[in-house]
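# Chains, contacts and geometry: an overview
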Amino acid sequence: MPTERQAYSRVGSEAAAQLGWWHAHRFLLLRRFSQLSILALFAASFWYGLDILKGNLSSSTVLNTLPLSDPFVLAQLIASGHWPAQTALLGGVIVLLFYMLVGGRSYCSWVCPVNIVTDAASWLRRRLGISKTTKISSSLRYWLLGLSLLLPIAGGLLIWELVNPVSLLQRGLIFGLGSGWVLIAMIFLLDLLISQRAWCSHLCPMGAFYGLVGKLSVIRINARHRERCDDCMDCYKVCPEPQILKPVLKGAANGVSPIIFASDCTNCSRCIDVCAESVFEINTRFTTEVENKK
Amino acid sequence: MKQTMDKQRRSESSASKAPARRQFFTDVARGASAAGMVGLGLTAWASSAKRSDPQAIRPPGALPGDDFLNACLRCGLCVEDCPYDTLKLATLFDPAPSGTPWFEARKVPCEMCEDIPCVAACPSGALDAALDNIDDARMGTAVLIDEKNCLNFQGLRCDVCYRVCPLIDEAITLERQRNSRTGKHALFIPTVQSDACTGCGKCEEACVLDETAIKVLELASGSLGQHYRLGWEEKARNGGSLVPEQLKLEIRRPENSNAN
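Residues numbered from 1 in each chain as written. Chains lettered and ligands numbered in written order. Predicted model: local features only at pLDDT ≥ 70, side-chain atom pairs only at ≥ 80, totals over all residues. Heavy atoms only, no water.

## Some words on the packing of helix α10 (residues 165-175) of chain A against helix α11 (residues 181-194) of chain A
Packed helices, taken two at a time, are described by the angle their axes make and the gap between the axes. All names here are of chain A. Heads up, the condition is: Helix axes are fitted only over the stretch in contact, all axes being lines through C-alpha atoms; the angle between N-to-C directions runs from 0 to 180 degrees. Where helices and strands are cited, they refer to DSSP runs of H or I of at least four residues and of E of at least two residues respectively, numbered from the N terminus. An angle counts as roughly parallel when it lies under 35 degrees, as roughly antiparallel when it exceeds 145, as roughly perpendicular when it falls between 65 and 115, and as oblique in every other case. Left-handed describes a crossing in which the near helix is turned anticlockwise from the far one by less than a right angle; the clockwise case is right-handed. We call two residues contacting when some pair of their heavy atoms lies within 4.5 Å. Residue classes follow a fixed rule: Ala, Val, Leu, Ile, Met, Phe, Trp, Tyr, Cys and Pro count as nonpolar, while Asp, Glu, Lys and Arg count as charged, and any other residue, Gly among them, counts as polar.
Interaxial distance between α10 and α11 falls to 9 Å at its minimum, and their mutual angle equals 125°. Between α10 and α11, the crossing angle belongs to the class labelled oblique. As α10 runs across α11, the sense of the crossing is left-handed. In this structure, α10 uses Pro165, Leu168 and Leu169 to contact α11, whose residues at the interface are Leu183, Ile184 and Ile187. For the contact of α10 with α11, the per-class residue count stands at 6 nonpolar, no polar and no charged.

As structure tokens, then:
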């Protein structure tokens, strides 16, 4: 067995060999397609007046009628003392309900363009064999979330949106980035050289916010066939939040459900891609045909 | 025997609990102090990042100052609906805070659309939907900033700023003054009426000088303190003087005086 594994030195290559290249990359490619096509639709509206999706991720309209607004930005607005107009509130409720269904942090992996930057940093880190990492507490993001909502209350100023790299990048890619690439380059280098997955999995208050939104969300990743797991560790290497994998993969003896209920999970489904044993599936939180109910 | 085992177990469990508790409090303290430091840094950065250049002009109907920054979602819908590409969305290190809409009057001024599409597009109320007449917009105020170089101050009839003003003779008037250089002509001084100027910036765009002599500045108009009362206005409003007319005092002359 070990010699066989040596042959598959790269993450996911075993899955590609056994299940085909498309199968081992499908969710990654679907996510990139989702992220890029959302940006492309916004850009098409700004540059060519094609109003399918107009505005940006902070607030937008679909076909000039349906409003969508980012509930995290709205929460900051309200904290700073501005009660948003009805259009924005309605848009916020729609987006909130959507992510409560599909998983809060699906925003991170299927929509947010910073994810492409940090995934690239993580990939390069693996390729270059950089293993040295400065440990950052992954709860720091919740502190930053608290700050981003409390500082406006204390100082009456919407502070986070003045600096938020997530807003900056998605807006910049649609309307022109200007000098904003500096901040994005900083995040890339931070993730690559200083601390593994520093931004998305440790610092970003937006991710923390969407994590809380998706606390009870319906769509979940399920390690349904965990008995097949052969400890190849590929899923740990690609998972942006690897700490959530161990309980579901190894918890059968302790009666832990194979469904990932951790709100840190971004539903990126990369674990499904790279698993040669097809351990993981996308299910709902109500999936019950499993050996150990929660 | 059993007792000692119980005791042992109890002391074991309390021994294992105490470091866990200590670890918890240490973690919380570390998180809080890191967050505190980041918060301080953020606040410092934000207080400089929120400043905008006085020549970075906001769209019509924008709430004043910080209120606008707190209300704006940075979605760019106003920018998209601006038919003249006047508005743009600020990027990092632009003269306005990142993501907020602004325009440079010298490059592309506001064309003052009657239906005000930018205000209609705003989902958050940062551009006040109550603005229904574009002439009521107060994006800024034009200021004739350089009297030395303004051609009209030289006695020429440039008048361009006056001519292009959408509120000609209301927002910019020509006030006549004596031309002391020639001794026989008039100077036609372009004068901004700050109560009528919308700050659209047409005058700044049109100024023929290399560096414009008239500029739109955010919040450039002064404000009269609450306690000032202009006597002539009060008199007109009241239909007469508020204080009694001058008292007629009895003239007391020394007796037997024959002075008039």
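## Some details on the pattern of salt bridges
The following threshold applies: Counted as salt bridges are all cases of a side-chain nitrogen of Lys or Arg within 4 Å of a carboxyl oxygen of Asp or Glu. A simple rule labels every residue: compare its accessible area, found with a 1.4 Å probe on the protein chains alone, to the largest value its type can have, and call it buried under 20%, exposed over 50%, or partly exposed in between.
Across all of its chains, the model carries 17 salt bridges over all chains by this definition. Note that arginine 141 of chain A is salt-bridged to aspartate 264 of chain A, the shortest N-O span being 3.4 Å. Of the two residues, arginine 141 of chain A sits in helix α8 (residues 140-155) while aspartate 264 of chain A sits in the loop between α15 (245-250) and α16 (270-274), which places them 123 residues apart along the sequence. Arginine 141 of chain A sits in the buried class, given a relative accessible area of 1%. According to the relative accessible area criterion, aspartate 264 of chain A is buried, its value standing at 15%. Salt-bridge contacts for lysine 88 of chain B lead to glutamate 104 of chain B; the nearest nitrogen and oxygen are separated by 2.5 Å.

## Digging into the sheet that holds strand β1 (residues 53-56) of chain A
Residue and element names in this part refer to chain A. Quick reminder of the rule: At least two bridges found by DSSP between two strands are what make those strands a pair.
The sheet built from 3 strands is open, its strands ordered β1-β2-β3 with antiparallel pairing. Single-partner strands in this sheet number two, and they are β1 and β3 (66-69). Neighbour-to-neighbour, the strand axes of the sheet open up by a mean angle of 15°, direction not taken into account. Pairing geometry for strand β2 (residues 59-62) and β3, over 4 bridges, is antiparallel.

## Concerning helix α3 (residues 21-48) of chain A
Filter applied, for reference: Two axes enter the definition of the bend at a residue: one is fitted to the seven residues ending there, the other to the seven starting there, and the bend is the angle between them.
Along α3 of chain A, the largest kink reaches about 40° and is centred on phenylalanine 27 of chain A. Two residues or fewer past α3 of chain A, glycine 49 of chain A is found with a positive phi of approximately 70°.

## Concerning the packing of aromatic side chains
For any pair of aromatic rings, geometry is given as the distance between the ring centres together with the angle between the planes. Defined as follows: Aromatic pairing here means that ring centres of Phe, Tyr or Trp (its six-membered ring) are within 6.5 Å. Orientation follows from the plane angle: under 30 degrees is stacked, over 60 is edge-to-face, and everything else is tilted. Any Lys NZ or Arg CZ that is within 6 Å of a ring centre and within 35 degrees of that ring's normal is treated as a charge sitting over the ring.
Scanning all chains against the criterion turns up 9 aromatic pairs over all chains. For the pair phenylalanine 72 of chain A and phenylalanine 209 of chain A, a centre-to-centre distance of 5.3 Å together with 45° between the ring planes defines the contact as tilted. With phenylalanine 72 of chain A in helix α4 (residues 71-79) and phenylalanine 209 of chain A in helix α13 (residues 205-213), the pair connects residues that are 137 residues apart, well separated along the chain. When the centroid spacing of 5.9 Å and the interplanar angle of 80° are considered together, the rings of tyrosine 99 of chain A and tyrosine 107 of chain A count as edge-to-face. Across this residue pair, the class does not change: tyrosine 99 of chain A and tyrosine 107 of chain A are buried. Three or more aromatic residues joined by ring pairs make a cluster, and in this case those are Phe72, Phe98, Tyr99, Tyr107, Phe209 and Tyr210 of chain A. Sitting over the ring of tryptophan 102 of chain B, lysine 88 of chain B keeps its end group 4.6 Å from the ring centre.

## Here we look at the interface of chain B and chain A
For clarity, the threshold we go by: Buried area is calculated as the accessible area (1.4 Å probe) missing from two parts once they are joined, with the contributions of both summed. Polar contact is the term for a pair of N or O atoms within 3.5 Å; when the atoms are in protein, one must be able to donate a hydrogen and the other to accept it, and sequence-neighboring residues count only if both atoms are side-chain atoms.
Each side of the interface is counted separately: chain B has 38 residues, and chain A has 43 residues. Carbon and sulfur atoms supply 71% of the area buried between chain B and chain A, which totals about 3200 Å² over both sides. A per-residue breakdown of the area chain B buries against chain A is headed by Asn70, Leu73 and Glu80 of chain B, which together make up 21% of the total. Between lysine 54 of chain A and aspartate 81 of chain B there is a salt bridge, with its nearest N and O atoms 2.6 Å apart. The tally of links from chain B across to chain A stands at 12 residue pairs in polar contact (both at pLDDT 80 or more). Of all the secondary-structure elements, those providing two or more residues to the side of chain B that touches chain A are α1 (2-49), α2 (65-71) and α3 (77-81) of chain B. The element best represented in the side of chain B that touches chain A is α1 of chain B, accounting for 12 residues. For the side of chain B that touches chain A, the per-class residue count stands at 23 nonpolar, 10 polar and 5 charged.

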